[in-house]
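A closer look at the structure
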Amino acid sequence: MMGNASKLDPRDAVKEFGRLLAQGEQVHAAYQLVRDSFLFTDRRLILVDKQGMTGKKVEYHSVPYKAITQFSVETAGHFDMDAELKIWISGGDAPISKQFGKGVDVYEVQALLATFTAR
């Protein structure tokens, strides 16, 4: 994926992706990355990957928090203006990597992951 993520209002994410949610599942935070999105719910991380030229084909990747073995947050610097999040999933070698623009609070993202993976 290329580009930087920006924060979405969780209510807007529910309007767009509500069909993916289980009964009673709540979206706590959501981010948009060009055409793709990712949502932090109270139960899992949902990665939305729009594919192809038109984006009509979509992959919805659901990652239960218990499958996350580790994660890291790298803050933005003077020359590298983007923050980065890496998430390792059990059974996988390479992490899922997302870059955030300077308007996103990566400490909030880290706190969400810490809260949900510690359950």
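The notes below deal with the structure included here. Just so you know, these numbers come straight off a predicted model, no measurement behind them.

Bringing the pattern of salt bridges into the picture now. Taken as a whole and judged by the stated rule, the model has 4 salt bridges. A salt bridge links Glu25 to Arg44; its shortest N-O distance comes to 2.8 Å. With a gap of 19 residues between them, Glu25 in the loop between α1 (10-17) and β2 (27-33) and Arg44 in strand β4 (residues 44-51) connect regions that are remote in the sequence. Exposure remark for Arg44: the relative accessible area of 16% places this residue in the buried category.

Turning next to the side chain of Ser37. Within the secondary structure, Ser37 sits in strand β3 (residues 36-41). Here Ser37 falls in the buried class, since its relative accessible area comes to 2%. In this structure Ser37 touches Leu8, Phe17, Tyr31, Gln32, Ile46, Leu47 and Val48, once residues within four positions along its chain are discounted.

Calculation rules
- Residues numbered from 1 in each chain as written.
- Predicted model: local features only at pLDDT ≥ 70, side-chain atom pairs only at ≥ 80, totals over all residues.
- Heavy atoms only, no water.
- Salt bridge = Lys/Arg side-chain N within 4 Å of Asp/Glu carboxyl O.
- Helix = DSSP H or I, 4+ residues; strand = E, 2+ residues; numbered from the N terminus.
- Buried < 20%, exposed > 50% of the residue type's maximum accessible area, 1.4 Å probe, protein only.
- Contact = heavy atoms within 4.5 Å.

Worth remembering: the numbers are spatial, not functional.
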